[in-house]
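Residues per chain, in single letters:
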Amino acid sequence: MTDPSDVAHGEAPDNGAEAPVTAPETGAEERRRLHDVWMSGTEAPTRSGHFTSEAGQEMLEEEEGAVLAQQRGTLVSDDYLDDIESDDDERQILNMGPQHPSTHGVLRLQLELIGERIIRAKPIIGYLHTGMEKTAETLTYMQGSTNVTRMDYLSPFFNELCFSLATERLLGVDVPPRADAIRVLMTELNRVSSHLVWIATQGMDIGALSMMIYGFRDREPILDFFERTTGLRMNHNYIRPGGVAADLPDGWRDDVVSIIDLVTKGVGEYEGILNANPIFIERTQSVGVITPEECDAYGVTGPIARASGVDWDLRKAFPYSGIDQYEFKVPLGRHGDTFDRYIVRMEEIKQSLGIVAQVMDSMPDGDWRTGDRKVTPPPRARIDQSMEALIHHFKLFTGGFGVPAGEVYQAVESPRGELGMYLVSDGGTRPYRLHVRGPSFANTQALPVMLTDSLIADVVATLASVDPVLGDVDR
Amino acid sequence: MMGFLEDLLGNVFWQAVIKSVAVLVIILVVALLIVWVERKIVSDMQNRVGPMRAGPFGVLQTLADGLKLLFKESVLPRKIELGAYMAAPIAAMVPAFLIFMTIPIGRPFTVGETVVTFQGADLNVALLFILAMSSMAVYSIVLAGWASGSKYPLLGGVRATAQMISYEAAMGLSLVPVIMFASAQLGGASPALGTMSMSQLVELQQGSFRGFIPGWFIFWLIPSFVIFFISAVAETNRAPFDLVEADQEIVGGYHTEYSGFRFAMFFLAEYINMFNVSAIAVVLFLGGWLGPDFGLPGWIAWAMPLFWFFLKTFILVFIFIWIRATLPRLRYDQLMTLGWKRLIPASLVWLLLFAVVTAWRRFGAPWS
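Rules of the game
- Residues numbered from 1 in each chain as written.
- Chains lettered and ligands numbered in written order.
- Predicted model: local features only at pLDDT ≥ 70, side-chain atom pairs only at ≥ 80, totals over all residues.
- Helix = DSSP H or I, 4+ residues; strand = E, 2+ residues; numbered from the N terminus.
- Buried ≥ 20, exposed ≤ 12 C-beta atoms within 10 Å, placed from the backbone.
- Contact = placed C-beta atoms within 7 Å.
- Rg over C-alpha atoms; globule rule 2.2 N^0.38 Å.
- Nonpolar A, V, L, I, M, F, W, Y, C, P; charged D, E, K, R; others polar.
- Pairing = 2+ DSSP bridges.
- Axes fitted to C-alpha atoms, helices over the stretch in contact; angles between N-to-C directions.

> I would appreciate a short explanation of the overall build of chain A in the present structure.
In terms of helices and strands, chain A carries 20 helices and 10 strands. Within chain A, the fraction of its 475 residues that count as buried is 50%. Here the contacts in chain A between residues at least 6 apart in sequence split such that 69% fall between residues at least 24 apart.

See below:
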């Protein structure tokens, strides 16, 4: 049992000095070994031999102990359990999802249970696969952000931002300072709204039903603001290569001020309900622990990694859109459990609101898209006056603009971690290949490490604290 | 007319029939009301409006839902054990009704020669009967979980066995001081005097202490009341102890595979049980139907005890609902820890303490 107060102040100093990180005594090596055994289906894993691209889906058939290894693909049958000569009568396989109420969409977890204790867990994904990466190859760069915005549907601005930054880097285009400021404003507000959905579902999944309504209630004005700015509550297609689609609406400062007030008040309320609640603390502390080493090994990023003490935030490490000119701190946890993730995310909400306030105070004037006519359509007035402008506009929106051949990896710090896009151009008007490194995907693959040896009730608590968006996992 | 009623109530058999029907009607109406009250209160606490369409303020919503469930197809899953699957919902409803039969909800009145009690049956072992019946209610859940032939209900059933049995112990222990106190109230040095009859327990709480504090048992037995109430929440599978049907974890627990009116029976039984334990707490600790009638005339004075009983009970029901809207759910092992390591030792210590004090007061100091 840990004292919550020492977590709340676990922020990294801005100079990048190491915060005191102590790996908790969780038997990390043993769980890692179990995980490897499970992944490979043998006691002595030979990573090259059994690690296929399908990883957990493909396991060897007849290994004793590894009951899950008998399942192939997604075909599920546990009839063979009857044939196992064993004293473990209570061993069973439980399919959690894809229609389970708290698997956050269509994640499916196969759990091997003894009683209610989980000895193995296996996330199975793909139920929301829509081939967005392939679709991106058939869309022009201008249409591209319409496509990527649908991946992580809780933080669409980050997808758009990442795609736009990648395209701009290939193009060698600089966006004006106002566009950068708007991008930071929208993405940080988006981080707040995404974290509000997380607190809502985290509360609901451990049984505090009122939290769900509170979280969604406070997210509403943010979405209203998005709608006023971009026309839609989600899937905005607002951040585009070359800038943003439109300027901020009149009176946006009032909206943002009221959002900051409301969310600050709301966060205070949540902390009042949850921070000192013994049941909440019991349910979250020492639950779903992941160590910094395991975070490294599985590519876990974002609040989960920071909750275990990994001081890694792309906004500090590789600043984008001029976010380094604003002051904010990166909250760090120590124990890597669900409670620390809660503390870290709550603190991130506050820091993001701080950034939003700074952006609001220092919003530069000027154009909100680049003056480069290669990527920016001519202004509306010019189209009425000039035939060339009309043709230019027509060409830009039918054929799109060409992007110099090359490849680029661009990453942004989405609310779930490192969202990266690897963009390859062959010089045409459409990407040759777009690969997305979804943060939810990497975080979900670490679920077995966090879940092994816990109870069913911990599964939902841990899953909610990982906060996967299945649109981002499957794409 | 009056003569006919007199004859009817004078006949033991017809009196019992009338009372049984009355209990059935009251309990169903109350259950429908509680569901509506809960939805309204919870929605108010969560910035929603709750049911609004059916009837004024949506008061008929539960009735509409119930009718809908009544007309729904009852899906029978393939892997069920048919007999037990059918029996489980009935086994849930019956104890709920039987418990309410023993609870006095108003002051007895006379029709002609006959004294009619506002009570289904005045058992002299009512407390034991109630404990036995609430143990029976566990069977319905275990049966439902086992007979559904599905894994989530099975987990719910397994949770139910452990949870309800261990909280049964704490609940029973917390009631022992009540019986001891009642026997001390009945007085005399004769230890043979004592009662477990609900109506007698209510009558013992008449009068007041120093003129303004009512003579309710709660003022002497607060620890018992607290332990009883916590165990009652667990016993009725209400949040934060609703592990048996934790829908975020095991979908619906024992009633996952039930549909139509069989599901409605489980649903109603849960709310009836909530009302029952509140009513038991009111009878044992809060003076039952006792309360001032302000010298009001005629039938109003006659109805005042009913009013006080339902008011007190609904206040406790409100606390149930309030807890549900506030607290997260406990985990399985934490629930067992709370039951076995906190509540049962606490009730044992309280029982010992109370026994010593009572004996001291009755028989004097051991050295005297």
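Picking up where we left off.
> Honestly, the overall build of chain B in this entry has me stumped. Any pointers?
Counting its secondary structure elements, chain B contains 12 helices and four strands. Taking 21 Å as the expected radius of gyration for a compact globule of 368 residues, we find that chain B reaches 22 Å, a close match to that expectation. Considering only C-alpha atoms, chain B reaches an extent of 70 × 60 × 45 Å along its principal axes. When burial is assessed residue by residue, chain B has 44% of its 368 residues classed as buried. Long-range contacts, defined as pairs at least 24 residues apart, comprise 75% of the intrachain contacts of chain B with a sequence gap of at least 6.

> In this structure, what is going on with the interface of chain B and chain A? I would like to understand it.
Frequently, the measure chosen for interface size is the accessible area removed from exposure when the parts meet. With 24 residues of chain B in contact, the opposing surface of chain A contributes 24 residues. Among the secondary structure elements, those contributing two or more residues to the side of chain B that touches chain A are helix 6 (151-186), helix 9 (247-250), helix 11 (298-326) and helix 12 (332-363) of chain B. Sort the elements by how many residues they give to the side of chain B that touches chain A and helix 9 of chain B lands first, with four residues. By residue class, the composition of the side of chain B that touches chain A is 12 nonpolar, five polar and seven charged.

> Would you mind showing me how to read the pairing of strand 4 (residues 117-124) of chain A here?
The two faces of a sheet get side chains in turn, since along a regular strand they alternate between them. Counting buried residues in strand 4 of chain A gives six out of eight residues, a clear majority hidden from the surface. Count of turn residues in the strand 3 (residues 108-114) of chain A/strand 4 of chain A antiparallel hairpin: two residues, of which Gly115 of chain A carries a positive phi of about 65°.

> What is the right way to read the environment of Gly287 of chain B from this model?
All names here are of chain B. Looking at the element boundaries, Gly287 is found in the loop between helix 10 (260-285) and helix 11. For the pair formed by Gly287 and Val202, sequence separation is 85 residues and the distance between their alpha carbons is 5.7 Å. Ignoring anything within four residues of it in the chain, the contact list for Gly287 reads Val202, Gln205, Pro214 and Trp216.

> I tried to follow the sheet that holds strand 4 of chain A on my own but got confused; where do I start?
Sheets are built from strands that pair by backbone hydrogen bonding, the pairs being arranged parallel or antiparallel. All names here are of chain A. In space, the three strands of this open sheet follow the order 2-3-4, with antiparallel pairing throughout. At either margin of the open sheet sits one strand with a lone partner, and together these are strand 2 (91-96) and strand 4. Averaged over all neighbouring strand pairs, the angle between strand axes comes to 20°, with direction disregarded. When strand 3 meets strand 4, the two strands line up antiparallel, connected through seven bridges. Looking at strand 4, one finds that Ile114 is bridged to Arg117.

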